[in-house]
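Reading the structure
This is what each chain is made of:
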Amino acid sequence: MRRLCLYIVGLFFLSLGVSFSIQADLGVSPVSSLAYAFSLSFGLSVGMMTGAANILFIIVQVILSKQFKLRESIVQLMIAFLFGFFMDVTLFLLQLFPTPETLVMRWGFLMISLFVVALGLLGYFSAKLPLMPYDELTHVISEKFKMKFSKAKISSDLFNVGGAGFVCIIFTQSLGSIGIGTLIAAYFIGKIVGWLMIHYQKYLVEWINNNRKDYKKSQGNTTLPKENTSLSS
């Protein structure tokens, strides 16, 4: 339960950080740039378009790996739709507050988004549960082309951002979701997440593992009937 709670909270913070970057209007974080491009182009919510974008990521996974695992794909889509739901919720919550109009406020929202996204990724990765299609695509690229994960991450980000730019140019005749904020996020979020993992991930893992130890300890204190002892051993 601790692992699951950390995972869900991580996804929520990740969506909240992306929503801050959308409100800043300086360029959306790479993780949702394609979904936001679809939203601008077709007039549907970012949450709904998150599901559409992640279906595309699964298709690319299948093409690259030449494998289709139905169960894993369904789990990935469930996570993606949960993230999409959180996107719509957090965007709604932020829209209740005044829209940042000055350049200083917009840059402030962008800076907040970097750290909130990084916090979300810290919890999301530390829980070590199934990844969203966008992140799983990075692993597939890494294995397919024998690349380091960091380089594969850059490749998947470029694929997402490039696709978002292409969609926006075709349908809105502008770069839409792509801007200086996208480039800043692509570079600095990884740096911030790396720093957070070095200093704080061990505490999250310890918190999760303590729950396991407490459970095993309680199980170990349970007295078994003598006739079942041999079976349990």
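In this text the structure is predicted, and so the values were computed from the model without any measurement. (Residues numbered from 1 in each chain as written. Predicted model: local features only at pLDDT ≥ 70, side-chain atom pairs only at ≥ 80, totals over all residues. Heavy atoms only, no water.)

What to know about the environment of Gly120
- You can see Gly120 is positioned in helix H5 (residues 103-126).
- Gly120 sits in the buried class, given a relative accessible area of 0%.
- As a C-alpha pair, Gly120 and Phe12 span 108 residues in sequence and 6.9 Å in three-dimensional space.
- Residues within four places of Gly120 in sequence aside, it is in contact with Gly10, Phe13 and Leu14. (Helix = DSSP H or I, 4+ residues; strand = E, 2+ residues; numbered from the N terminus. Buried < 20%, exposed > 50% of the residue type's maximum accessible area, 1.4 Å probe, protein only. Contact = heavy atoms within 4.5 Å.)

Things to note about the packing of helix H2 (residues 30-42) against helix H3 (residues 46-65)
- Where H2 meets H3, the axes come as close as 8 Å, and the angle between the chain directions of the two elements is 125 degrees. Overall, the two elements H2 and H3 adopt an arrangement that is oblique. Crossing of H2 over H3 shows right-handed handedness. Across from Leu34, Ala35, Tyr36, Phe38, Ser39 and Phe42 in H2, the residues of H3 making contact are Val46, Met49, Thr50, Ala53, Leu56 and Phe57. (Axes fitted to C-alpha atoms, helices over the stretch in contact; angles between N-to-C directions. Parallel < 35°, antiparallel > 145°, perpendicular 65-115°, else oblique. Left-handed = near helix turned anticlockwise from the far one by under 90°.)

Some details on helix H1 (residues 2-24)
- A rise of 1.5 Å per residue sets the reference length of H1, with its 23 residues, at 33 Å; its end C-alpha atoms lie 33 Å apart and thus fit the reference within 8%.
- Positive backbone phi, approximately 60 degrees, marks Asp25, located one or two places after H1. (Expected span 1.5 Å × (residues − 1).)

Points about a nonpolar patch on the surface
- Judged by side-chain polarity, Phe42, Leu44, Met48, Phe166, Ile170 and Phe171 come together as a nonpolar surface patch covering roughly 620 Å² of accessible area.
- For the nonpolar patch, the leading source of residues is helix H7 (residues 149-172), giving three residues.
- With respect to the element layout, Leu44 can be found in the loop between H2 and H3. (Patch = residues over 30% accessible without salt bridge, like charges linked within 9 Å, V, L, I, M, F, W, Y side chains within 5 Å. Areas by Shrake-Rupley, 256 points an atom, 1.4 Å probe, with all protein chains shown as cover. Salt bridge = Lys/Arg side-chain N within 4 Å of Asp/Glu carboxyl O.)

Here's the deal with the packing of H1 against helix H4 (residues 70-95)
- Following both chains from N to C, one finds H1 and H4 inclined at 50 degrees, their axes separated by 8 Å at the closest point. Comparing their axes, H4 and H1 come out oblique. Viewed along their axes, H1 and H4 form a crossing whose handedness is right-handed. Two secondary-structure elements touch here, H1 through Tyr7, Ile8, Leu11, Phe12, Leu14, Ser15, Leu16, Val18, Ser19, Phe20, Ile22 and Gln23 and H4 through Ile79, Leu82, Phe83, Phe86, Met87, Thr90, Leu91, Leu94 and Gln95.
- Taken together, the residues of the contact of H1 with H4 sort by class into 16 nonpolar, five polar and no charged. (Nonpolar A, V, L, I, M, F, W, Y, C, P; charged D, E, K, R; others polar.)

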